[in-house]
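Single-letter residue listing:
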Amino acid sequence: MTLEGLPGEHRAAGRMEQAGDALEEVLSKALSQRSLTLGVYEAAKLLNVDPDNVVLCLLAADEEEAEDAALQIHFTLIQAFCCENDINILRVSNPARLAQLLLPHTATEPPTDLHCVLVTNPHASQWKDPALSQLMCFCRERRYADQWVPVINLPER
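What counts, and where the lines are drawn
- Residues numbered from 1 in each chain as written.
- Predicted model: local features only at pLDDT ≥ 70, side-chain atom pairs only at ≥ 80, totals over all residues.
- Heavy atoms only, no water.
- Helix = DSSP H or I, 4+ residues; strand = E, 2+ residues; numbered from the N terminus.
- Expected span 1.5 Å × (residues − 1).
- Contact = heavy atoms within 4.5 Å.
- Buried < 20%, exposed > 50% of the residue type's maximum accessible area, 1.4 Å probe, protein only.
- Arc of directions from axis to C-beta.
- Core = buried A, V, L, I, M, F, W, Y, C linked by side-chain atoms within 4.5 Å.
- Salt bridge = Lys/Arg side-chain N within 4 Å of Asp/Glu carboxyl O.
- Polar contact = N/O pair within 3.5 Å; in protein donor to acceptor, adjacent residues only side chain to side chain.
- pLDDT = per-residue confidence, 0-100.

## Topic: helix H3 (residues 69-84)
Compared with an ideal rise of 1.5 Å per residue, which puts 16 residues at 22 Å, H3 spans 23 Å between its outermost C-alpha atoms and is within 8% of the ideal. Lining the buried residues of H3 we find helix H2 (40-49), strand E2 (54-60), strand E3 (88-92) and strand E4 (116-120). Just downstream of H3, Asp86 is the residue with a positive phi angle, here 55°.

Dropping the structure here:
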């Protein structure tokens, strides 16, 4: 049996796919409820003012941007702040798909910074959401496996 054939490997891949679907659902709901903050600078401002209402932080960079030292410094600071304030963090491996989900299809506006996306908790009763709960469980499981910032792949549609 090779390493690829281990049963745990298929289970982990399935969990990541389920988490990707759950993330897509959470983003869709948050977008309709206007409970998203987009951009590194705007995220830092919100985290400074109201970290208690942030339920999820997404960090996204493509392969080219992964070499950007300034962006990585921002990510490190945001990650540290989120860990300090018990905010779940996910790293999104395909920012193009994230842009498809979050941005209207208008080419006239300048591109929006999607390197950091915060999902806020507008009303506690509304966020008793199975998709959000599934994401929180996924993040917790990854932390138990010493992966503090799990990487997730949003499913292509």
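## As for H2
Listed as buried for H2 are Val40, Ala43 and Leu47. Angularly, the buried residues of H2 cover 60° about the axis, an arc narrow enough to put them on a single face. Exposed residues on H2 whose side chains face more than 90 degrees from its buried face are Tyr41, Asn48 and Val49. Buried residues along H2 sit in contact with strand E1 (36-38), E2, H3 and E4.

## What about the nonpolar core?
Formed by 26 residues in total, the largest nonpolar core has its most connected members in Leu23, Leu56, Leu58, Leu90, Leu98 and Leu135. Contributing elements (two or more residues each) for this core: helix H1 (7-32), E2, E3, helix H4 (95-102), E4 and helix H5 (130-144). The contacts of Leu135, once residues within four sequence positions are left out, are Ala19, Ala22, Leu23, Val26, Leu56, Leu90 and Ile152. By size, the runner-up hydrophobic cluster in this structure holds 16 residues, among which are Leu59, Ala61, Cys82 and Val149.

## Some remarks on the pattern of salt bridges
Within the structure shown, the criterion is met by three salt bridges. When the shortest N-O distance is used, the salt bridge between Glu24 and Arg97 registers 3.1 Å. With Glu24 in helix H1 and Arg97 in helix H4, the pair connects residues that are 73 residues apart, well separated along the chain. Between Glu25 and Lys29 there is a salt bridge, with the nearest N and O atoms lying 3.2 Å from each other. One end of the pair, Glu25, and the other, Lys29, are both in helix H1, four residues apart, so they sit about a helical turn from each other. Taking the relative accessible area as the measure of exposure, Glu25 reaches 38% and is therefore partly exposed.

## Notes on the side chain of Asn88
Mapped onto the secondary structure, Asn88 falls in strand E3. Overall, the relative accessible area of 10% leaves Asn88 in the buried class. A distance of 2.7 Å separates the side chain of Asn88 from the side chain of Arg143, its partner in a polar contact. Once residues lying within four places of it in the same chain are set aside, the contact partners of Asn88 are Val55, Leu56, Cys57, Met136, Cys139 and Arg143.

## Thoughts on the confidence of the model for the protein chain
Mean pLDDT over the protein chain: 82, with 80% of residues reaching 70 or higher. Segment residues 1-6: pLDDT under 50, and four contacts once partners within four positions in sequence are set aside and those in other chains are kept.

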